[in-house]
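Single-letter residue listing:
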Protein chains: 2
Amino acid sequence: MKNLVGACVFAQSGGPTSVINSSAAGVFMEALQQGNITEVYGAIHGIRGVLDENFYDIRKEDEKELELLKYTPSSALGSVRYKLKDFTVDKTDYERILEVFKKYNVRYFFYNGGNDSMDTCNKISKFMKNSGWDCNVIGVPKTIDNDLYGTDHCPGYASAAKYVATTMSELALDAKVYDTGMCCIVEAMGRNAGWITASAALSNINSHSVDLIYLPEVPFDMDKFVDDVKTVLEKNNNQCIVVVSEGIKFADGKYVGEFQTSTTDLFGHAQLGGVCGLLAGVIKQRIGIKTRAIEFSLMQRCGAHLASRVDVEEACQAGREAVKAAVSGDTDKMVVYERVEGDEYKINYKLMPLELAANTEKAFPIEWIINDGTGVSKEFIDYCLPLIQGDAKAPLENGLPRFAKLKKVRVEKK
Amino acid sequence: MKNLVGACVFAQSGGPTSVINSSAAGVFMEALQQGNITEVYGAIHGIRGVLDENFYDIRKEDEKELELLKYTPSSALGSVRYKLKDFTVDKTDYERILEVFKKYNVRYFFYNGGNDSMDTCNKISKFMKNSGWDCNVIGVPKTIDNDLYGTDHCPGYASAAKYVATTMSELALDAKVYDTGMCCIVEAMGRNAGWITASAALSNINSHSVDLIYLPEVPFDMDKFVDDVKTVLEKNNNQCIVVVSEGIKFADGKYVGEFQTSTTDLFGHAQLGGVCGLLAGVIKQRIGIKTRAIEFSLMQRCGAHLASRVDVEEACQAGREAVKAAVSGDTDKMVVYERVEGDEYKINYKLMPLELAANTEKAFPIEWIINDGTGVSKEFIDYCLPLIQGDAKAPLENGLPRFAKLKKVRVEKK
């Protein structure tokens, strides 16, 4: 437990979410209040910003804009997908990071991201320890996929879930407006974990919206799928609403999405499509019913106007907790949420060793998948529902969200 | 000007919007207060409900649920696409409608829809007049396409515009998060009119979000499009955000979307895709940059959580005005919005002869299209911005929208 005095660096990594900037706001606002933190740097495009000495000087930002960051989607500092090599194999990047940390007297390092990013954070933490440079390293979790190990849920997930559930309840009303029959197939994110797709089930709480849900945790069978749709159409006035994960796989492990031929348009260019388009084609041809394929695409991860207040506040607090922990001497940890047992939803913020978070994926519990692989259980609803409560969005200016406008003053290179 | 006493029928027609039910709420709440209106019937699935004598008894509904209709997307009574023949050609349907009107003593008929629906409404109105059955017929406008003649704008358009503008401002932040280059191509609705697509330009008011906008009013040239994107990529750090209308056409009048080959997947099923997927394929192949194709699909017309308060209130009032006009003896008209000149946005509700609305399409003004067919002018912004002001959405229950739950009590057939 060392009480360090020096600069802090915060960086964002991996795919954006509706609330990754809420964590940034938490880190920045807390760091600016801490006497031991002399400078507050935002690394531009994740760890690459550190390697290239590209930093924003957060002290130059207006407090009001940092507050607006809480409600601003995407990664305000820019993101990166860059995997550090193991330092027993190649130390180049690590030595460069150490050099930069020494040059700018970086004594606090906060990395905000998912599995891969926690791996990066873990490796840097270990290297700093080995090298003898005192720097407290804390990971701040983030992923809409909700697949980080060791935390009740992940910042960003709840807002994606709220987007999916809200939108499904609207889409279901729209898709059933004619009585001529229709199968609507919606595709949600989640390459390997079904958490986001499962949240579509929440839309059945206030009124029945979704009939069939397919997660990547259950092998996908095309014939069974067609039969499932047929059964719903028969009992449901020829209407069926399906939600599938982009990551559904056949029993042999191949992604259903890979089953698309690489087709070309009349110019000879490859055409792009999603799993939902493929499945809609199958249903149209085999059942002969009108279909509609809908991809939630980036909207589900950047729809900050639909962010969950619980998510926004927790993500911000997770950032604050990271700074507080580091300043009081903690290092080599990631902030996690621990749900308190009881009727009322409440979480405690805890710390977990970084190596536990690195590269471990938390799949959707198989025992929560019901109805022969086409639905999720009440246990999931009880788990997820508290997370999507409340609204928290940017104030309107001109009738549109007024997101944070950072000055983005560059730190002069030393 | 006859003061009629009898039942009223209200029906919804064509594609749903976020606020078509706001008009229903207005019609119902006003009709229930009018002493001359003895019964309030909701025709199920538009004019087909009249032909089949399928009505809901709106007097049986709770007032609270009718109020919630204001914030409930899609057509609560069900919709239909059914085009009546000209009655000089085939009177069958009209005579049946007259028979039903007489049987149920229908003295007021309100039809809520776009161009085609106003054509239906107009034909029914004329037939009733000719047949000598006193029935006051008033059309209530509705279309996200904003292409109805004679009204400053159409109920439903503003909420679609607000969806597009808000979502584009979020998407732009997400799409630019990596510095590796990307062209994001978003497809908005509007088969023949560019109004919805143009609203993407509003997202540039609070911060620059959209680079290129293509409307169906300008012939689309693929080579020019590729050049336009290249130019933006060069000056804009290899990032480009494009919004196209689903209805863009080549100079020969053929829809760009028709340019897709009918391709099949490995099962031999036809694959479905949109214009955005096709254009993304072209850009990927010709420029070699990462692309992302995004379709706003049904969300842009049913995203009631993002409805404009102006739109919700106006659509509801349009319904009330239709009833008031009919009760005071008006018939054969459609309610229109007339914008009052001056600095502050204000509209008056007026009536226009139905035949003027029937089947006339109001295209986006060519003189508002600038930047060599890739942008829209300040005149459009000034026109559209007042329409998207304010939020108005369903109350949250379980963190999700609590939409109207109608009892839908059927009227016994006579």
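Calculation notes
- Residues numbered from 1 in each chain as written.
- Chains lettered and ligands numbered in written order.
- Predicted model: local features only at pLDDT ≥ 70, side-chain atom pairs only at ≥ 80, totals over all residues.
- Heavy atoms only, no water.
- Contact = heavy atoms within 4.5 Å.
- Buried area = accessible area lost by both parts, 1.4 Å probe.
- Salt bridge = Lys/Arg side-chain N within 4 Å of Asp/Glu carboxyl O.
- Polar contact = N/O pair within 3.5 Å; in protein donor to acceptor, adjacent residues only side chain to side chain.
- Domains from an automatic or database assignment.
- Nonpolar A, V, L, I, M, F, W, Y, C, P; charged D, E, K, R; others polar.
- Least-squares fit on C-alpha atoms with pLDDT ≥ 70 in both.
- Helix = DSSP H or I, 4+ residues; strand = E, 2+ residues; numbered from the N terminus.
- Buried < 20%, exposed > 50% of the residue type's maximum accessible area, 1.4 Å probe, protein only.
- Phe/Tyr/Trp six-rings, centres within 6.5 Å; stacked < 30°, edge-to-face > 60°.

Novice: I'd like a rundown of the interface of chain B and chain A, residues and numbers included.
Specialist: Taken together, the contact between chain B and chain A spans 82 residues of the former and 82 residues of the latter. Note on chain B versus chain A: buried area summed over both sides is about 6,900 Å², and carbon and sulfur give 59% of it. Area buried by chain B at its contact with chain A is led by E170(B), Y178(B) and N206(B), which between them contribute 10% of it. For the pair chain B and chain A, the interface holds six salt bridges. Here D391(A) makes a salt bridge to K393(B), at a shortest N to O gap of 2.7 Å. For the pair chain B and chain A, the interface holds 39 residue pairs in polar contact (both at pLDDT 80 or more).

Novice: Report on the domain arrangement of chain A, specifying residues and quantitative values.
Specialist: Residues and elements named next belong to chain A. By the assigned domains, chain A splits into domain 1 (6-156 + 304-360 + 390-401) and domain 2 (159-300). Relative to domain 2, the C-alpha centre of domain 1 lies at a distance of 34 Å. Summed over the three residues of domain 1 that lose the most area to domain 2, namely I144, D145 and L306, the buried surface amounts to 54% of that side. Our count for the domain 1 to domain 2 interface comes out at one salt bridge. For D391, the salt bridge is made with K162, and the minimal N-O distance between the two is 3.3 Å. For the interface between domain 1 and domain 2, the tally reads six residue pairs in polar contact (both at pLDDT 80 or more). Looking at side-chain class alone, the side of domain 1 that touches domain 2 contains four nonpolar, five polar and four charged residues.

Novice: So what's going on with the relation of the copies chain B and chain A? Which residues, and what values?
Specialist: The transform that puts chain B on chain A rotates by 180° and translates by 0.0 Å along the axis, for an RMSD of 0.0 Å. The operation mapping one copy onto its partner corresponds to a two-fold rotation axis. When the interface residues of chain B are mapped onto chain A, 100% of them again fall at the interface, so both copies present the same face.

Novice: Describe in detail the pattern of salt bridges, supporting the description with residues and values.
Specialist: Residue and element names in this part refer to chain B. Overall, the coordinates contain 62 salt bridges over all chains when judged by the stated rule. Residues K324 and E321 are paired through a salt bridge, measuring 3.9 Å at the closest nitrogen-oxygen approach. Residue K324 and its partner E321 are located together in helix α11 (residues 309-327), separated by three residues, close to a single helical turn. Taking relative accessible area as the criterion, K324 reaches 36% and is therefore assigned partly exposed. Looking at E321, the relative accessible area reads 21%, which means it is partly exposed.

Novice: How would you summarise the environment of A322(B) if you had to cite specific residues and measurements?
Specialist: Residues and elements named next belong to chain B. Looking at the element boundaries, A322 is found in helix α11. What makes A322 buried here is its relative accessible area of 0%. On a C-alpha basis, the gap between A322 and Y149 in space is 17 Å, while along the polypeptide they are 173 residues apart. For A322, the residues in contact, after removing those within four places along its chain, are F110, I138, V140 and V335.

Novice: Before we move on, can you summarise the packing of aromatic side chains with the specific residues and values?
Specialist: Residue and element names in this part refer to chain B. One pass over the full model with this rule turns up 50 aromatic pairs over all chains. Judged by centre distance (5.3 Å) and plane angle (35°), the ring pair of Y94 and F127 falls under tilted. In this pair, Y94 is assigned in helix α4 (residues 92-103) and F127 in helix α5 (residues 115-131), connecting sequence segments 33 residues apart. Across the pair, exposure class does not vary: Y94 and F127 are buried alike. Considering the side-chain rings of W195 and F380, the 6.5 Å spacing of their centres and the 45° angle between planes classify their relative orientation as tilted.

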